[in-house]
Amino acid sequence: MCFAKCLFALNTLRDTGRPGAIFPIKFNLGFTNPVTRVKKYFFLFLLAYQTIIMKHIFNSSLWLIIIALVISSCSKDEDIQPDFDDVEFTFDAENPPVAIPQGLQSSSDSRALLANAFLNQANGIISIVASIQPPPGATKSSTPINGRSNGRVASTKENISVYTWTASDGSSSVSYAYQVSETNTHYVFELFLKVNDDDYIKYWHSEQSKTGKQGFLELFGDYDADYTLRYEWAEVDGVFHFDMITSDTTIKIISNPDHSGSLKVYEDGQLETEITWNATGTAGAFAEYDSDGNLVESGVWPG
């Protein structure tokens, strides 16, 4: 799993709310200021990854994972392509999940900053996808990897392209298996890792419809029965829906064809924050709720 790049993407936010610099982790989650509040939600996503990382922080194999994934992401132009030559992941640098209006990107209003931060976080899926492509020299086969399950069962389809490669420091090794398969309606992307001679464990599972209009991506820990972080998306009548989900936090984003949109943040199933913006990202509305669902504050921005 692309620990280094995901961690950086999840841990970047200036004190003003803009992406770009590492912010200090705050353990007091009772923020009321909307600019500071976004750090709370980014912390929740970050914490999920840190839980995985701390399991291996003193294990040299972690550095093999980080180094190999960074190297492979830097060689994207030379990536080996699977047999599914016409298969491309829905999102890339030229086609991000959410089009962010220029007004949101340049505004100093606290609500705009909050919305902009969440939309940039949604677009961070691009870095995750780009960093798991197999490097030059990977071994290609059509034999499915049936790794130890930690949330999802490995693909068993006969029509499958599998790429494996290994990084080693002479005493320890980390092996990777990246495979692409299909169902009648979806393409399936999977990434497995194993340390030394241990079993393969799935860390990454994604499915996207062959129309490109619907899909999900899930990231797993070592032995987690459920995902650590899930992205899911769907385009319905030209309106794009994109969700980011952890065990206790859900962020729901709607992007309209004219680039206007809205987002809602749920904590333990309870709606906490709503923000809307117009097509240019220069104005909108907001609402804040307490843990019991009572409206605390609402209005328009800029105010």
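Residues numbered from 1 in each chain as written. Predicted model: local features only at pLDDT ≥ 70, side-chain atom pairs only at ≥ 80, totals over all residues. Heavy atoms only, no water.

Of all the 7 residues making up strand E9 (residues 249–255), 5 are buried; the element is thus mostly covered by neighbouring parts of the structure. In this structure, strand E8 (residues 239–245) lies alongside E9, joined through 6 bridges in antiparallel fashion. Bridge pairing links Asp-243 to Lys-252 in E9. Joining the antiparallel neighbours E8 and E9 is a turn of 3 residues. Pairing of E9 with strand E10 (residues 261–267), which is carried by 7 bridges, proceeds in the antiparallel orientation. (Buried < 20%, exposed > 50% of the residue type's maximum accessible area, 1.4 Å probe, protein only. Helix = DSSP H or I, 4+ residues; strand = E, 2+ residues; numbered from the N terminus. Pairing = 2+ DSSP bridges.)

Bringing the environment of Ala-234 into the picture now. Residue placement: Ala-234 occurs in strand E7 (residues 229–236). Taking the C-alpha atoms as reference points, Ala-234 and Phe-216, 18 residues apart in sequence, are found 8.9 Å from one another. Setting aside its immediate chain neighbours within four residues, Ala-234 contacts Lys-213, Gln-214, Val-239, Phe-240 and His-241. (Contact = heavy atoms within 4.5 Å.)

In this section: the pattern of salt bridges. Scanning the model with the defined rule gives 9 salt bridges in all. Of the charged contacts, one joins Lys-213 and Glu-235 as a salt bridge, the two residues approaching to 3.5 Å between their closest N and O atoms. One end of the pair, Lys-213, is in the loop between strand E5 (201–209) and strand E6 (214–219); the other, Glu-235, is in strand E7, and 22 residues separate them in sequence. Here Lys-213 falls in the partly exposed class, since its relative accessible area comes to 38%. What you see here is one network of salt bridges that share partners, running through Arg-111, Glu-288 and Glu-297. (Salt bridge = Lys/Arg side-chain N within 4 Å of Asp/Glu carboxyl O.)

That bond from Trp-301 to Pro-302 is cis: its omega, -5°, falls within 30 degrees of zero. By the element assignment, Pro-302 lies in the segment after strand E13 (295–301). Phi at Asn-196 is positive, roughly 55°, even though this residue is not glycine. For Asp-268, which is not glycine, the phi torsion reads 55° and is therefore positive. For Asp-268, the position within the fold is in the loop between E10 and strand E11 (270–277).

Soluble globular proteins tend to bury their nonpolar side chains together. The biggest cluster of nonpolar side chains holds 48 residues, and the ones touching the most others in it are Ile-125, Trp-204, Leu-217, Tyr-231, Trp-233 and Phe-242. Among the elements that line this core, the one with the most residues is helix H5 (residues 110–123), at 6 residues. (Core = buried A, V, L, I, M, F, W, Y, C linked by side-chain atoms within 4.5 Å.)

Within E6, 5 of the 6 residues are buried, leaving the element largely enclosed by the surrounding structure. In this structure, the hairpin formed by E5 and E6 is closed by a connection of 4 residues, where Gly-212 is found at a positive phi of approximately 80°. Where E6 meets E7, 6 bridges bridge the pair, whose relative direction is antiparallel. For Glu-218, the partnering residue across the bridge sits in E7 and is Arg-230.

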